[in-house]
Amino acid sequence: MTEGNKTENRISIEMAPMEGITTATFRRVYAKWFAGVDRMYTPFLAANQTHKFKTREKKETEQYSPDLVPQILTDKAEHFIWAAKELKLLGYTEVNLNAGCPSATVTIKKKGAGMLRDLAAMRSFLDIIFGGDEAGDMPEISIKTRAGVSSCDEADEIAVLYSGYPFSAIIVHPRSRDDQYDNTPDLKAFGAFYERISHDRLVFNGDIRSVKDAEKILDHFPGIRGIMTGRGLLADPFLPERIRSRESMGDVGFSDREKAIVHGFLTELYDEYERDLSEGTALLKMKDLWNFMAVSFPDSEKKLKAIRKARSGLEYKAAVKSIL
Ligand SMILES: Cc1cc2nc3c(=O)[nH]c(=O)nc-3n(C[C@H](O)[C@H](O)[C@H](O)COP(=O)(O)O)c2cc1C
């Protein structure tokens, strides 16, 4: 990292919320085996007219941690306020608004990145959650956002809107909704937020897969609060530690010591899932995770296939043992 980046030691390294993957179980087991993450977020919790969270969603927040930020997905300010107050009762001092989910089933209801389709409606939503009668009883509010709906050219207008509200943090994944996960994160679009928003509230998210990727962002945008990583962390669970120490992964991939740790982590995670869910569901969840980890084992196609094909916990564990 360059000399100019004086804030590098203080940067916040954050685990991206990933629905179905970064569950409470995943987060608990991950935190036992790996260091380096400062903040974690729950996958989105849907706030709707029932004013009830589903059992699965309740599990996400029941283990309170000061480093955990629950994320809320909704299109209605009153539902957001209900959820935020409910979470405050559980001890949470911050909640996060999802303005980034690109899935069509979500955006069609004007939720997630769909909120960005109508910035006047978004403004009314923000006016109510920040300035309404109940604002005094609310926890702090952060937002995780895309940089546009059909194009990142919309970034500046969105940044101007957000700059008018006291978000505790603004996490920007600088792709448009229509990009989904294609194209590369648009640094110019992140730059629009960098110009308009105080840097200590800004977090960069998108395609941080290595120490180099993190350094590039931190050099480009000195003084930002931090970076958030999702798929990069799944592929290499040591990534936050590596970014912290600025030591890249070796050219040959995981060292033997690292492999033993990854093996211990995966074994415990599988066992927890099997205990809480069932053998079949545990297998499915681990295979989902392996879809993201596979890139770290480029020369092991046969062994990866054995993991994908495993039909029991025993077969799965044998396949994992052979790759690690
Ligand atoms: C399977 C999957 C589930 C996701 N679930 C959520 C979610 O619940 N809330 C959210 O804000 N973003 C969600 N995301 C987006 C990620 O948090 C993150 O913004 C995106 O993956 C880009 O970061 P990355 O390149 O570091 O993975 C999800 C992404 C994936 C691939």
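Residues numbered from 1 in each chain as written. Predicted model: local features only at pLDDT ≥ 70, side-chain atom pairs only at ≥ 80, totals over all residues. Heavy atoms only, no water.

Draft legend 1. Up close: the state of the cysteines. Taken as a whole and judged by the stated rule, the model has zero disulfides. Cys101 carries a free sulfur, and the closest cysteine sulfur to it, the one in Cys152, is 16 Å from it. (Disulfide = S-S within 2.5 Å.)

Draft legend 2. Up close: the sheet that holds strand β2 (residues 39–41). One open sheet accounts for ten strands, arranged β3-β5-β6-β7-β8-β9-β10-β1-β2-β4; its pairing is parallel. Of all strands in the sheet, those bounded by a partner on one side alone are β3 (45–46) and β4 (68–69). Examined bridge by bridge, strand β8 (residues 170–173) and strand β9 (residues 202–205) share three bridges and lie parallel to one another. Paired with Val172 across the bridge in β9 is Phe204. (Pairing = 2+ DSSP bridges. Helix = DSSP H or I, 4+ residues; strand = E, 2+ residues; numbered from the N terminus.)

Draft legend 3. Spotlight on the environment of Lys309. Relative to the elements of secondary structure, Lys309 occurs in helix α13 (residues 301–309). Expressed as a C-alpha distance, the spacing of Lys309 and Ala83, which sit 226 residues apart in the sequence, is 40 Å. Residues within four places of Lys309 in sequence aside, it is in contact with Lys287 and Glu315. (Contact = heavy atoms within 4.5 Å.)

Draft legend 4. Representation of the pattern of salt bridges. The tally for this structure, following the rule as stated, stands at 22 salt bridges. A salt bridge links Arg209 to Asp207; the shortest N-O distance between them is 4.0 Å. The partner of Glu272 in a salt bridge is Arg275, with the nearest N and O atoms 3.7 Å apart. Remark: Arg275 and Glu272 occur in helix α11 (residues 256–276); sequence separation between them is three residues, near one turn of the helix. The exposure class assigned to Arg275 is exposed, which follows from its relative accessible area of 61%. Each of Arg28, Glu272, Arg275 and Asp276 takes part in a single network of salt bridges with overlapping partners. (Salt bridge = Lys/Arg side-chain N within 4 Å of Asp/Glu carboxyl O. Buried < 20%, exposed > 50% of the residue type's maximum accessible area, 1.4 Å probe, protein only.)

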